[in-house]
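Topology and contacts: notes
What follows is the residue order along each chain.
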Amino acid sequence: MGHFIAVREEFHSNMVGVNVQLGNSLTDSRILGLQHSFATHSTGPTAMGRAAEVLGLQVRQQAFTLAISDSFLLLATCCVSCLVVVSFMSKVPTRYRQVTAAPVEAK
């Protein structure tokens, strides 16, 4: 499951990261908003770097959340498929009288 989550996190990180590009209006407004919040604590270039770092961490957090969601979907699918397999299993005939009346071997 750990490998599955890591692979899915990488996949979702790439898919979300494709839409996060400089020049995109949503990305630029997000970075400017973060930059303004950091501007009181640091200088211009440093605030921009911190804003980009926080945006990257937000993308990673979203990718991890989607990977966890995928793992729950995988577990649900496995449970349903196991229930289907079990429902098609037939009863094994057992005769307990034969088991209890089995001859005991002499030593």
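Before any of the text, the structure's been laid out above.
Residues numbered from 1 in each chain as written. Predicted model: local features only at pLDDT ≥ 70, side-chain atom pairs only at ≥ 80, totals over all residues. Heavy atoms only, no water.

What about the side chain of Thr-27?
This is how it is decided: Strands here are runs of E lasting at least two residues and helices are runs of H or I lasting at least four, both read from the DSSP assignment and numbered beginning at the N terminus. By definition, residues are in contact when any of their heavy atoms lie within 4.5 Å.
Among the secondary structure elements, Thr-27 is positioned in helix H2 (residues 25-39). Among residues more than four places away in sequence, those in contact with Thr-27 are Asn-19, Val-20, Gln-21 and Leu-55.

With respect to the pattern of salt bridges
Where charged atoms from two side chains of opposite charge approach closely, those side chains can pair. Test applied: For this analysis, a salt bridge means a side-chain nitrogen from Lys or Arg found within 4 Å of a carboxyl oxygen belonging to Asp or Glu. Categorising residues by exposure relies on relative accessible area from a 1.4 Å probe, with only protein chains included: less than 20% of the type maximum marks a residue as buried, more than 50% marks it as exposed, and the intermediate range marks it as partly exposed.
For the coordinates displayed, the defined rule picks out two salt bridges. Among the salt bridges present, the one from Arg-8 reaches Asp-70, with a minimum N-O distance of 2.9 Å. Of the two residues, Arg-8 is situated in helix H1 (residues 2-19) and Asp-70 in helix H3 (residues 44-87); the sequence distance between them amounts to 62 residues. Judged by relative accessible area, Arg-8 falls into the partly exposed class, the value being 25%. Across the salt bridge formed by Glu-9 and Arg-60, the nearest N and O atoms sit 3.8 Å from each other. In this pair, Glu-9 is assigned in helix H1 and Arg-60 in helix H3, connecting sequence segments 51 residues apart. Residue Glu-9 is classed as buried on the basis of its relative accessible area, which comes to 17%.

Nothing here speaks to function; it is geometry throughout.
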